[in-house]
Amino acid sequence: MIAARRGSDRLDPRTLNRATLDRQLPLRRHDIPALDAVRHLVGLQAQLPNPPYLGLWTRLADFAHEELSALIHDRQVVRAVVLRATQHLVTAPDFLFLRPLLQPVLDRGRQAAMGRATAGMDLAELAEVGRSLLGNTTLTRPQIRELLAQRWPDRSAEALSWSVQYLLPLVSVPPGITWRKGGVPSAALGEYWLGRPVLADPSPVELV
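Residues numbered from 1 in each chain as written. Predicted model: local features only at pLDDT ≥ 70, side-chain atom pairs only at ≥ 80, totals over all residues. Heavy atoms only, no water.

**Let's talk about the environment of Leu147**
Definition in use: Where helices and strands are cited, they refer to DSSP runs of H or I of at least four residues and of E of at least two residues respectively, numbered from the N terminus. Here the term buried applies to any residue with accessible area under 20% of the maximum for its type, exposed to any over 50%, and partly exposed to those in between, with areas from a 1.4 Å probe on protein chains only. When checking whether two residues touch, look at their non-hydrogen atoms; a contact exists if any pair is within 4.5 Å.
Secondary-structure assignment places Leu147 in helix H8 (residues 141-151). Note on Leu147: relative accessible area 30%, which makes it partly exposed. In this structure the C-alpha to C-alpha distance between Leu147 and Glu191, which are 44 residues apart in sequence, comes to 21 Å. Discounting residues that sit within four places of it in the chain, Leu147 has contacts with Leu133 and Leu139.

**Observations concerning the pattern of salt bridges**
A side chain with one charge may pair with a side chain of the opposite charge, provided their charged atoms come close. Which entries qualify depends on this criterion: The salt bridge criterion pairs a side-chain nitrogen of Lys or Arg with a carboxyl oxygen of Asp or Glu, the two atoms within 4 Å.
In this structure the tally under the stated criterion is 5 salt bridges. Among the ionic pairs, Arg39 bridges to Asp36, the shortest N-O distance being 2.9 Å. Of this pair, Arg39 and Asp36 both sit in helix H2 (residues 34-41), 3 residues apart, roughly one helical turn. Exposure remark for Asp36: the relative accessible area of 35% places this residue in the partly exposed category. We note a salt bridge from Glu158 to Arg145, for which the minimum N-O separation is 3.3 Å. Taken together, the residues Glu158 in helix H9 (residues 157-167) and Arg145 in helix H8 connect sequence positions 13 residues apart. Each member of the salt-bridge network shares a partner with another, and the members are Arg141, Arg145 and Glu158.

**Notes on the nonpolar core**
For clarity, the cut-off: By nonpolar core we mean a set of buried residues, namely Ala, Val, Leu, Ile, Met, Phe, Trp, Tyr and Cys, connected to one another through side-chain atoms within 4.5 Å.
In terms of nonpolar packing, the biggest core is built from 18 residues, with Leu56, Phe63, Leu68, Ile72, Val77 and Leu89 touching the most fellow members. Sorting the residues of this core by element identifies H2, helix H3 (51-57) and helix H4 (65-73) as the ones contributing at least two each. At 5 residues, the largest contribution of residues to this core is made by H2. Ignoring anything within four residues of it in the chain, the contact list for Leu56 reads Ala34, Ala37, Val38, Leu44, Phe63 and Leu68.

**Focus on empty space enclosed by the protein**
Inclusion rule: Whether a set of points on the 1 Å grid over the protein atoms alone is a cavity depends on a 1.4 Å probe fitting there but being unable to get out, while an open set qualifies as a pocket with protein on both sides within 12 Å along at least five of seven lines; lining residues are those with an atom within 4 Å of a point. Grid points are joined across faces, edges and corners, and a volume is the space filled by probe spheres set on the points. For this classification, the nonpolar set comprises Ala, Val, Leu, Ile, Met, Phe, Trp, Tyr, Cys and Pro, the charged set comprises Asp, Glu, Lys and Arg, and every other residue, Gly included, is treated as polar.
Within this structure, the stated rule accounts for 1 cavity of 30 Å³ or more. Here the largest cavity is characterised by a volume of approximately 40 Å³. Ala46, Leu48, Pro49, Pro52, Tyr53, Leu68, Ile72, Arg79, Leu89 and Ile177 are the residues that line the largest cavity. Among the elements of the structure, H3 and H4 are those that each provide at least two residues to the lining of the largest cavity. Along the lines of polarity and charge, the residues of the lining of the largest cavity split into 9 nonpolar, no polar and 1 charged.

Structure below.
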């Protein structure tokens, strides 16, 4: 643990920098499992498939990409819009906790990005249609976009499909999200993919 310098109850900028880096694990490689590292870090940037692997490789001793791929296929970690508009890799329990807790943040992001294109729409209806389309299956975003365009041909299909990603707790599913896999990944409802619903009333105090 990095403490404040003697005689002060505040961290100076360099000590704060070192403490933050130490908390985020990049100062040295750690001998811990990949799942524990993802849980410790809360979320790894995962807009593209490879960065979470590189992020863990820089932090963990003897990390192999197969370890993270197995966690993804076993549904112990998921890639999803959860902390903000971009995709992050988080543990399954953290997804079920964080996604509903941060929904107001995502709602504001959706409104800023797609509010004009969806002005006057019933967003609850849009979310319900998106939920019924996905059901107990997986769809690519182009597929979601095409299906929504059939329902609302006078609206921007792109804005509709992105809105569904903000409104619903979706996860991206393998194989398109694992090491060196390309293409368009498929999405699923988190409750279907994980077999558990998101938490009904998560506590901000617990998050802190």
